[in-house]
Amino acid sequence: MAMPPNVLLMVVDACRPDYLSPYANIVAGTADARTPAIESLADEGTVLRRAISAAPRTLPSVTSMLTGLRPAEHGATSRQFAMRYGETVTRQLSESGYECVHLSPKTWTGDWLPQG
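About the cut-offs
- Residues numbered from 1 in each chain as written.
- Predicted model: local features only at pLDDT ≥ 70, side-chain atom pairs only at ≥ 80, totals over all residues.
- Heavy atoms only, no water.
- Helix = DSSP H or I, 4+ residues; strand = E, 2+ residues; numbered from the N terminus.
- Buried < 20%, exposed > 50% of the residue type's maximum accessible area, 1.4 Å probe, protein only.
- Contact = heavy atoms within 4.5 Å.
- Polar contact = N/O pair within 3.5 Å; in protein donor to acceptor, adjacent residues only side chain to side chain.
- Salt bridge = Lys/Arg side-chain N within 4 Å of Asp/Glu carboxyl O.

**Student:** Could you give an account of the overall build of the protein, naming the residues involved and the relevant values?
**Tutor:** For the protein, the helix and strand inventory stands at four helices and zero strands. Seen in sequence order, the protein has helices and strands lined up from the N terminus as α-α-α-α. Looking at the protein as a whole, 27% of its 116 residues are labelled buried. In the protein, 30% of the contacts between residues at least 6 apart in sequence involve partners at least 24 apart.

This is how it looks when you write it as structure tokens:
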């Protein structure tokens, strides 16, 4: 039986691409950016070169990433929100046997993510 692939979703809030070497070749003036650990992850994974946020704030953006829903659909507008409907990809992965861990100070994402 083949092992399912590993999944890593790394979200970095408020980090400019000119400080990350995987983006050095597409952001003008960043040839000196060196982030070897991020480079190593990028070499083995997927680097999104044209990403658009669902909202200008962390909570609705992260909730949209994890649910596939727009902010108006999931309702994440404050830390005490209750999701209107749908489920997160972390719940779907957990139900498929994956161990999901959320590592963050959780300042703006609320208490509904898996604990690490």
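**Student:** Account for the side chain of threonine 63, naming residues and giving values.
**Tutor:** Secondary-structure assignment places threonine 63 in helix H2 (residues 58–67). Using a relative accessible area of 0% as the deciding quantity, one classes threonine 63 as buried. At a separation of 2.8 Å, a polar atom in the side chain of threonine 63 contacts the main-chain carbonyl oxygen of leucine 59.

**Student:** Outline the environment of tyrosine 19, supporting the account with residue identities and numerical values.
**Tutor:** By the secondary structure assignment, tyrosine 19 is in the segment before helix H1 (36–44). For tyrosine 19, a relative accessible area of 52% translates into the label exposed. Tyrosine 19 sits 14 residues away from alanine 33 along the chain, and the two C-alpha atoms are 5.5 Å apart. Not counting chain neighbours up to four residues away, the residues in contact with tyrosine 19 comprise Ala33 and Thr35.

**Student:** Break down the pattern of salt bridges for me, with residues and values.
**Tutor:** Per the stated rule, a full pass over the model turns up one salt bridge. With its nearest N and O atoms 2.8 Å apart, the salt bridge here joins glutamate 39 to arginine 34.

**Student:** So what about the side chain of threonine 88? Which residues, and what values?
**Tutor:** Among the secondary structure elements, threonine 88 is positioned in the loop between helix H3 (71–74) and helix H4 (89–95). The class of threonine 88 is buried, set by a relative accessible area of 7%.

**Student:** Describe the environment of alanine 37, and please don't skip the residues or the numbers.
**Tutor:** Within the element layout of this structure, alanine 37 appears in helix H1. Through-space distance from the C-alpha of alanine 37 to that of serine 21 is 9.7 Å; in sequence the pair is 16 residues apart.

**Student:** Describe H2, and please don't skip the residues or the numbers.
**Tutor:** Most of H2 sits out of view: eight of its ten residues are buried. The set of residues buried in H2 consists of Leu59, Pro60, Ser61, Val62, Thr63, Ser64, Leu66 and Thr67. Contacts from the buried residues of H2 go to H3 and H4. Within two residues after H2, glycine 68 carries a phi angle of roughly 80°, on the positive side.

Without other data, these values stay purely geometric and don't point to any function.
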